[in-house]
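Structural overview
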Amino acid sequence: IETIMDVIVSELDHYLPGLQKYHTSPGSVAIAQYCKCYGKDLSEVYKGITTLTGAAAEGLKSLMRFESVVLDTGLVSRDHLPRLVELYSPLVTTWIKEQEGTLRRWVESAVQMDQWEPTDLDGSRHSTSAVDLFSMMNQILPFFFSLESLHEVAEFFVATMSGVLSSIIESYADNMANMSGVYGVNALVPQSQNEYIPKSILRSKGASSSSSSSKKKTIPHPPDVVWNKARSQTLPVLIVRANNVDFAHRQMHLLIVTLHTKAEQCKLKMTRERFISIFMGAEQRLRTSLSSLLRYIGMKITFVDMRVPLIDELYSPTPSSGPRMQNVLDLMNDVLGTVVETASDTLREPMLVEIMKAFCDGVHYVLLYSGPGRIFEPKDSDMLVDDIQALHEFFVSKNDDGEEDGVPDAVARDQTSPLRMLVSSLFEYASDYLVGQYASAAPVRDVKNVFNKPYIMCVLLHRGEKDKEARRFLKKRKDDVVFLGVKKGKEVSF
């Protein structure tokens, strides 16, 4: 191509002065003939090229220079030039599809080979697949802008390839969440164990005055698929996957900056806002996956790892005779130690917040849905308030300098507030008062308005067989829609 351009310029300079004596526009005829012959040759050459290799890209650049030289002569219009867009469009499209397939296979392989061992690089504590993901992307970035002289396709090429990268990042985020089983998180919460047991049945089974209903019992675990998946997942691995998503989120924003900077250097009309828009799908997916992972970690700790001491044993059979909150919190020390050691610097606080939220949900379950295996009386309310305060202080935590290094105090107070209201507004009152207020209570459960019929029903179901007012009230409402909504086997939500 370079040789042809030199020949064209040389021959025009040499022959045009003589030819002009015999033809009014010999230069235009000559250039038109050059373009016609050259166009046929190009078509034949590019028929054998199926993808956009480096050589093909360089060839296209030379063709653009050829166009420029020919047009600069002023002897022919663009209509006489070969239709380059028809040559390079199929190549670009094919190359993009090939690169997407290659990237996806490469990322899948990186994930399969990942050992989920955290690094200490910049406090990110991510594992190899997160690094490999962006290493691969950075390797192909130079090729993004190799066609900047092809103005008709350059912006399309860069925008489309950026969309491919966004899609790959989305897939990676989904992979981190799906392989961790986060979408089965709701099934980790045990069903309600609340049931009304007639006194006659208790006596026929030889129940003593202390009541067999207050006997310790193990609450059934979730379906085997969900349960086994959760038990097989180790906490450090789950935390590293959350770190990976967080790392990918921050690296993606650096990638956007790099793409925009390169686009400006190549004089492409692509704003930073346009790149942000291209990566919006990845942005949303990363946020969703990270949120799901953090919630799953909190729920797994609460309803799987701490299931026995918290869900099965806390306050069983009564707060005064069974394990107290501090017993459970002592066991939580090792768990939080793992979180602090493994979570990235940016995720440490939000992860602790999510764990505290899930833990409070676990206590909420124990107080309202754990069934006749636990009995709560008004006299226990002060003890419960003290335990909620202990929970609050445990998660806030302070370092040797007296500075908070756990959940911020205000956030911890918000998390424990529903439990405080539950105890102070319902648990401390005698059953006859709760029965008297039942008719005027809100019809649906609401953590912000604990004085509602479902919560009152749950409190009365935990009053035990000695509480005549509670038993009399419950006996009349075995078929009540409120009772049916909180009875044994019903799904529990917080």
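Residues numbered from 1 in each chain as written. Predicted model: local features only at pLDDT ≥ 70, side-chain atom pairs only at ≥ 80, totals over all residues. Heavy atoms only, no water.

A short note on the overall build of the chain
Scanning the chain for helices and strands turns up 20 helices and 0 strands. Going through the 494 residues of the chain one by one, you find that 48% of them count as buried. The contacts of the chain with a sequence gap of at least 6 include a subset with a gap of at least 24, amounting to 78%. Entry remark: accessible area of the chain is about 23,700 Å², with carbon and sulfur atoms responsible for 51%. (Helix = DSSP H or I, 4+ residues; strand = E, 2+ residues; numbered from the N terminus. Buried < 20%, exposed > 50% of the residue type's maximum accessible area, 1.4 Å probe, protein only. Contact = heavy atoms within 4.5 Å. Areas by Shrake-Rupley, 256 points an atom, 1.4 Å probe, with all protein chains shown as cover.)

Quick look at the packing of helix α13 (residues 325-342) against helix α14 (residues 348-369)
Here α13 crosses α14 at 155°, and the two axes come no closer than 12 Å. Comparing the axis directions of α13 and α14 gives the class roughly antiparallel. Handedness of the α13/α14 crossing: right-handed. Contacts between α13 and α14 pair Met325, Val328, Leu329, Met332, Leu336, Val339 and Val340 from the former with Arg348, Met351, Leu352, Ile355, Phe359 and Val363 from the latter. (Axes fitted to C-alpha atoms, helices over the stretch in contact; angles between N-to-C directions. Parallel < 35°, antiparallel > 145°, perpendicular 65-115°, else oblique. Left-handed = near helix turned anticlockwise from the far one by under 90°.)

Here's the deal with unusual backbone geometry
Here the residue pair Ser316 and Pro317 is connected by a cis peptide bond, since its omega of 5° sits within 30 degrees of zero. Looking at the element boundaries, Pro317 is found in the loop between α12 (307-313) and α13. Positive phi, normally seen in glycine, also occurs at Lys267, with a value near 60°. Tracing the sequence through the fold places Lys267 in the loop between α9 (235-265) and α10 (272-278).

Details of the packing of aromatic side chains
Inspection of every chain in the model, using the stated rule, returns 10 aromatic pairs. An angle of 40° between the planes, with centres 6.5 Å apart, marks the rings of Phe144 and Phe145 as tilted. On the basis of relative accessibility, which here comes to 1%, the residue Phe144 falls in the buried class. When its relative accessible area of 6% is taken as the criterion, Phe145 is described as buried. Relative to Phe395, the ring of Phe394 has its centre 5.3 Å away and its plane inclined at 90°; by these criteria the two rings are edge-to-face. For Phe395, a relative accessible area of 2% puts it in the buried group. Aromatic ring contacts, followed pair by pair, group Tyr315, Phe376 and Phe427 into a single cluster. Over the ring of Trp116 we find Arg241, and its NZ or CZ is 4.6 Å from the ring centre. (Phe/Tyr/Trp six-rings, centres within 6.5 Å; stacked < 30°, edge-to-face > 60°. Lys NZ or Arg CZ within 6 Å of the ring centre and 35° of its normal.)

Some words on helix α16 (residues 409-427)
Spanning 19 residues, α16 covers 25 Å between terminal C-alpha atoms, matching the ideal 27 Å at 1.5 Å per step. The axis of α16 is deflected most strongly, by about 40°, at Thr416, and proline Pro418 appears within four residues downstream. Of all the residues in α16, the buried ones are Ala412, Gln415, Thr416, Leu419, Leu422, Val423, Leu426 and Phe427. The inward-facing, buried residues of α16 contact α14, α15 (381-396), α17 (431-438) and α18 (453-461). (Expected span 1.5 Å × (residues − 1). Bend = angle between axes of the 7 residues up to and from the residue.)

Some remarks on the environment of Val444
Assignment of secondary structure puts Val444 in the loop between α17 and α18. C-alpha of Val444 to C-alpha of Tyr455: the two residues are 11 residues apart in sequence and 8.7 Å apart in space. The residues touching Val444, leaving out its near neighbours within four places in the chain, are Asn452 and Pro454.

A closer look at the pattern of salt bridges
Taken as a whole and assessed by the stated rule, the structure comprises 13 salt bridges. The shortest N-O distance in the salt bridge between Lys300 and Asp305 comes to 3.0 Å. The salt bridge involving Arg413 is made with Asp409; its shortest N-O contact spans 3.9 Å. Note that Arg413 and Asp409 are positioned in helix α16 at a spacing of 4 residues, about one turn of the helix. Overall, the relative accessible area of 28% leaves Asp409 in the partly exposed class. Taken together, the salt bridges that share partners define one network made up of Glu170, Asp174 and Arg285. (Salt bridge = Lys/Arg side-chain N within 4 Å of Asp/Glu carboxyl O.)

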